Amino acid sequence: MCEIKKILPDSPEYQQIEKQLFFKGEETLSLIEHFCRSESSSIYAAVEGENVTGVCVTDPSTGDVMHLLFIGVHRDYRKNGVASALLDGAIADQKPKAVVAEVPQNSLDFFTRYGFWAVDFGEDLSGKNVYYATYRVK
């Protein structure tokens, strides 16, 4: 299984993410970098051996609520528990009472399986449904 590490933009794991661009290219990397440079955001990497297999970016909006800004897993490692491990690691580190996220429809199954409750927000600018998801930490 993978190890979850809290990282910074100058860490080797972050540099590997930059080199791989395994998400959706420069735009996603730019978004992750913007979140990481924010004083309040935290970035977590799932690492297996020498490979970064996934990334999770959070913002503790308040002491009790963690906002999940981004979560992504390399396509070769999906359906292996990496996203759950990332979320578990972020929750363990920040110890929120609840987690909130805006979730695209294609990720809704993961979030509901994890235990999130989702409300349809309607369509985003691309015409895809977006959901507001909340999770009460047990």
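Participant: Sorry, what's going on with the overall build of the chain here?
Facilitator: Of the regular secondary structure elements, the chain holds four helices and seven strands. The order of α-helices and β-strands along the chain, N terminus first, is β-α-α-β-β-β-α-β-α-β-β. Residue pairs in contact within the chain that sit at least 24 positions apart in sequence constitute 56% of those at least 6 positions apart. Summed over all atoms, the accessible surface of the chain reaches about 8,200 Å², with 49% contributed by carbon and sulfur.

Participant: Got a minute to help me understand the pattern of salt bridges in this structure?
Facilitator: Here the idea is simple: oppositely charged side chains can pair when their charged atoms come close. Evaluated as defined, the whole model comprises two salt bridges. Lys5 serves as the salt-bridge partner of Glu13, at 2.9 Å between the closest nitrogen and oxygen. For Glu13, a relative accessible area of 14% corresponds to the buried category. On the basis of relative accessible area, Lys5 is assigned to the partly exposed category, the value being 27%. Ionic pairing is found between Asp93 and Lys6, a salt bridge with its closest N-O pair at 3.3 Å. In this pair, Asp93 is assigned in helix 3 (residues 82-94) and Lys6 in strand 1 (residues 3-7), connecting sequence segments 87 residues apart.

Participant: I would appreciate a short explanation of a nonpolar patch on the surface in the present structure.
Facilitator: A cluster of nonpolar side chains, contributed by Trp117, Val119, Phe121 and Tyr132, occupies part of the molecular surface with about 440 Å² of accessible area. The element contributing the most residues to the nonpolar patch is strand 6 (residues 117-123), with three residues. As for its placement among the helices and strands, Trp117 is situated in strand 6.

Participant: Can you help me understand the pairing of strand 3 (residues 51-59) in this one?
Facilitator: Side chains on a regular strand alternate between the two faces of the sheet. Burial analysis of strand 3 places eight of its nine residues in the buried class, which makes it a mostly covered element. Across seven bridges, strand 2 (residues 42-48) lies against strand 3 in antiparallel orientation. Paired with Ala45 across the strands is Val55, a residue of strand 3. Inspection of the sheet shows strand 3 paired to strand 4 (residues 65-73) by six bridges, in the antiparallel sense. Along strand 4, the bridge assignment pairs Thr58 with Leu68.

Participant: Just to check I follow, could you spell out the packing of aromatic side chains for this structure?
Facilitator: Geometry of an aromatic ring pair is reported as the spacing of the ring centres plus the angle between the planes. In the structure shown here, the tally under the stated rule is seven aromatic pairs. Each ring, one from Tyr114 and one from Phe116, has its centre 6.0 Å from the other, and the planes form 45 degrees; the classification is tilted. Residue Tyr114 shares its accessibility class with Phe116, and that shared class is buried. Through successive ring pairs, a cluster of aromatic residues spans Phe110, Phe111, Tyr114, Phe116 and Tyr135.

Participant: Is there a simple way to explain the side chain of Ser42 in this structure?
Facilitator: Inspection of the secondary structure assignment puts Ser42 in strand 2. Residues contacting Ser42, with those up to four places away along its chain left out, are Lys6, Cys56, Val57, Thr58 and Gln94.

Participant: Would you explain helix 3 in this entry?
Facilitator: For helix 3, built from 13 residues, the straight-helix expectation of 18 Å at 1.5 Å per residue is met to within 8% by its first-to-last C-alpha distance of 18 Å. For helix 3, the set of buried residues is Val82, Ala83, Ala85, Leu86, Leu87, Gly89, Ala90, Ile91 and Gln94.

Participant: Can you walk me through the nonpolar core in this structure?
Facilitator: In globular proteins that are soluble, nonpolar side chains generally tend to be buried together. Among the nonpolar cores identified, the biggest contains 26 residues, and Leu87 and Phe116 are the most heavily contacted of them. Counting only elements with at least two residues in this core, the list comes to strand 2, strand 4, helix 3, strand 5 (98-104), helix 4 (108-114) and strand 7 (129-136). The dominant element in this core, judged by the number of residues it contributes, is helix 3, at seven residues. Setting aside residues no more than four positions away along its own chain, Leu87 makes contact with Met66, Leu68, Phe110, Tyr114 and Phe116.

Conventions adopted
Residues numbered from 1 in each chain as written. Predicted model: local features only at pLDDT ≥ 70, side-chain atom pairs only at ≥ 80, totals over all residues. Heavy atoms only, no water. Helix = DSSP H or I, 4+ residues; strand = E, 2+ residues; numbered from the N terminus. Contact = heavy atoms within 4.5 Å. Areas by Shrake-Rupley, 256 points an atom, 1.4 Å probe, with all protein chains shown as cover. Salt bridge = Lys/Arg side-chain N within 4 Å of Asp/Glu carboxyl O. Buried < 20%, exposed > 50% of the residue type's maximum accessible area, 1.4 Å probe, protein only. Patch = residues over 30% accessible without salt bridge, like charges linked within 9 Å, V, L, I, M, F, W, Y side chains within 5 Å. Pairing = 2+ DSSP bridges. Phe/Tyr/Trp six-rings, centres within 6.5 Å; stacked < 30°, edge-to-face > 60°. Expected span 1.5 Å × (residues − 1). Core = buried A, V, L, I, M, F, W, Y, C linked by side-chain atoms within 4.5 Å.

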